[in-house]
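# A closer look at the structure
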Amino acid sequence: MPTGYRSIPAEDGTYEEDEERLTILPSSTEPLIRDDGDNGKKGPEDGDEVGPWIWLLTVSAGISGLLFGYDTASISAALLHLAPSLSTPEHAVTTWDKSLITSSTSLGALIGGLFAGLLADYMGRKGVIYVADALFVAGAAWQALSNSVTTMVLGRIIVGLGVGVGSLIVPLYISELSPPSHRGRLVIVNVLFITFGQLIAYGLGIILSPPALSQDASWRYMLGLGGLPAGLQAIIMIFMPETPRWLLQHSRRSEAAKVVAKAYGNLTAREVDQVITGIEAGVSADTSDTLAEKFKLLFSVGGNRRALTISCLLQGLQQACGFNSLMYFSATIFSMVGFKSPTATAMVVAGTNMAATAIAFNLIDRLGRRRILLLSIPGMAIGLLLCSLAFSHLPMLTPNTTSVTNPWSPVLILFMAFYVASYALGIGAIPWVVQSEFFPMRVRGLGTGVATATNWILNFVVGASFLPAVELMYGGAAGLFVFYALVCVAGTVAVWLVYPETKGLRMEEIEEVLREGWGNVGKRVD
Ligand SMILES: O[C@H]1[C@H](O)[C@@H](O)[C@H](O)[C@@H](O)[C@H]1O
């Protein structure tokens, strides 16, 4: 039975003052959204295939995703080696210093993510990718040359700023360039790059460790190498365009038409014009809002508030489910439960994450975001409870004790892989897609900034609280995983209540769905 929406006629002139300022779509009594069966073509932009150029753009922009993944994951291996180099006769590196070094990146990302959207409104999407690259290069070099904990923390903050800026701008850039029928999967290419970056970081963490390199050189190379892809991306980006939406907002119509013609593949001139007119309807040429006005619009207009709530809910859930405790500490967890090569075992987590993200890439524009989320989040709850069961049968060892053989150890890996796969299939990727497509142009920069900041705040909280929570909580890791499972149960209910399907809709149409209500309530026909 196909799933779809009934038609949602626009309400002529019935909006309040503020609402009216955002009422930019022409009113229409046409069905807004057809049944979302695969053959429901809605316009010239709804082709089955997209041209090679858009893939090239996506991959080039995705290099930032690679760095996001690499820079957040490479620290776990680097931490094993940097203490002697950063210690001084007065101050030996402590565990507290190590957590500060790890979490300062999330703090930097929080600040970078918050401001990147506003910056993108003023200097363009492409310009902000250069900013991210400059931060990646400067941060990598700074870290590699650090000689004290303080300078290292500064380097981590600089790289974190780059991670935050990149995490917001790349999905936004790809979304604004993509035809609706392929938008989800093209944004997921960036998430695939993130997971690939994490895998490479783990792999290089093994390859560059002593005896291959001296202890001092090993961590400097691990952290410094992140600068190279950023330099490469900055060069490639010279040849990449600005997005049609930003160009139209700055009254550069003919340039926008050229970009649409190239990005969408084989459209006639008339079809390009149709696409441009559609986008234009959703793009306010008024770029003079002050920050206070943007805030007011974001919170006082119902549709914007709903876009913000849903984006922050998904971004918060992506982190509060505890996934990154595995990303940052899986080697520690595996060594605690007696694995002989914990870093190699941790690669199972990173590998499964990437493989399942590839499946999400294939499914998102066919199955839809809502359906995938409602499979992913309950799946995670089950996976977490199974992991908790395994943990309760595994005695926690102090790190570096001789390994023990316990039949529950391989079972734990299996359960963890199930949890990670469920995560990567939906909530690991979809929040980045959603935050880039839900906000109307006028508040897009600010809205995506707040959603990205939500992601990084909770990323920081999970990273900083994991080890103390395992120590202090009733049941240790088993107890903590039950807590994460409860977060997933609450998340499933929340998503079921408020998340509307947006597969195949133009970004301007999504705006209309949210203006009407939560999208799901009363309008969705299953
Ligand atoms: O989308 C990404 C991806 O899922 C990563 O594996 C994870 O570490 C990040 O926190 C998340 O934002």
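Fair warning: this is a prediction, and the values are worked out from it, not measured in the lab.

Let's shift gears to the confidence of the model for the chain. On average, residues of the chain carry a pLDDT of 86, and 87% of them reach 70 or more. The low-confidence segment residues 1-40, where pLDDT is below 50, has 58 contacts with residues more than four positions distant or belonging to other chains. Counting interchain partners and residues more than four positions distant, the pLDDT-below-50 stretch residues 521-526 has 14 contacts. Model confidence for the complex: the whole-complex pTM is 0.87, and ipTM, which rates the interface, is 0.98.

It is at 9 Å that the axes of helix α7 (residues 183-207) and helix α19 (residues 430-438) come closest, and there the two elements cross at 125°. Viewed along their axes, α7 and α19 adopt a mutual orientation that is oblique. The handedness of the crossing between α7 and α19 comes out as right-handed. On the side of α7, the interface is formed by R183, G184, V187, I188, N190 and V191, while α19 contributes W432, V433, S436 and E437. Of the residues belonging to the contact of α7 with α19, the class tally is five nonpolar, three polar and two charged.

Glancing now at the site of the ligand. Taken together, the residues surrounding the ligand are V191, I194, T195, Q198, Q318, N324, M327, N353, G428, A429, W432 and N459. Secondary structure elements with two or more residues in the shell around the ligand: α7 and α15 (323-336). Looking at which element gives the most residues to the shell around the ligand, the answer is α7, with four residues. Among the residues forming the shell around the ligand, the class breakdown is five nonpolar, seven polar and no charged.

Right, let's get into α7. For α7, which comprises 25 residues, the first-to-last C-alpha distance of 36 Å matches the rise-based estimate of 36 Å (1.5 Å per residue) to within 8%. Within α7, 20 of the 25 residues are buried, which leaves the element mostly enclosed by the surrounding structure.

A few words on the environment of N353. Along the chain, N353 falls in helix α16 (residues 342-367). Residue N353 is classed as buried on the basis of its 26 C-beta neighbours within 10 Å. Residues N353 and L199, 154 residues apart in the sequence, show an inter-C-alpha distance of 9.0 Å. Those residues within four positions of N353 in sequence are excluded, and the remaining contacts are T195, Q198, V420, A424 and G428.

Take helix α11 (residues 253-263) next. One full turn of an α-helix is made of 3.6 residues, so residues set three or four places apart face in the same direction. Among the residues of α11, A256, V259, V260, A261 and A263 are the ones counted as buried. On its buried face, α11 sits against α2 (52-78), α6 (149-177), α10 (244-249) and α12 (269-282). Within two residues after α11, G265 carries a phi angle of roughly 90°, on the positive side.

Turning next to the environment of I207. Looking at where I207 falls in the secondary structure, it is placed in helix α7. For the pair I207 and S218, spaced 11 residues apart in sequence, the C-alpha separation works out to 9.2 Å.

Before going further, it helps to spend a moment on the nonpolar core. The biggest cluster of nonpolar side chains holds 165 residues, and the ones touching the most others in it are I169 and F481. Examining the composition of this core, we find that 16 residues originate from one element, α6, more than from any other. With near-sequence residues (within four places) excluded, I169 lies in contact with A116, A120, R125, V128, I129 and A132.

Let us look at the packing of helix α14 (residues 302-320) against helix α21 (residues 476-498). Interaxial distance between α14 and α21 falls to 11 Å at its minimum, and their mutual angle equals 160°. Taken as axis vectors, α14 and α21 run roughly antiparallel relative to one another. In the crossing of α14 with α21, the sense of the turn from one axis to the other is left-handed. Contact residues: T309, I310, L313, L317 and A320 in α14; V487, G491, A494 and V498 in α21.

Thresholds applied
Residues numbered from 1 in each chain as written. Predicted model: local features only at pLDDT ≥ 70, side-chain atom pairs only at ≥ 80, totals over all residues. pLDDT = per-residue confidence, 0-100. Contact = placed C-beta atoms within 7 Å. Axes fitted to C-alpha atoms, helices over the stretch in contact; angles between N-to-C directions. Helix = DSSP H or I, 4+ residues; strand = E, 2+ residues; numbered from the N terminus. Parallel < 35°, antiparallel > 145°, perpendicular 65-115°, else oblique. Left-handed = near helix turned anticlockwise from the far one by under 90°. Nonpolar A, V, L, I, M, F, W, Y, C, P; charged D, E, K, R; others polar. Near = placed C-beta within 6 Å. Expected span 1.5 Å × (residues − 1). Buried ≥ 20, exposed ≤ 12 C-beta atoms within 10 Å, placed from the backbone. Core = buried A, V, L, I, M, F, W, Y, C linked by C-beta atoms within 7 Å.

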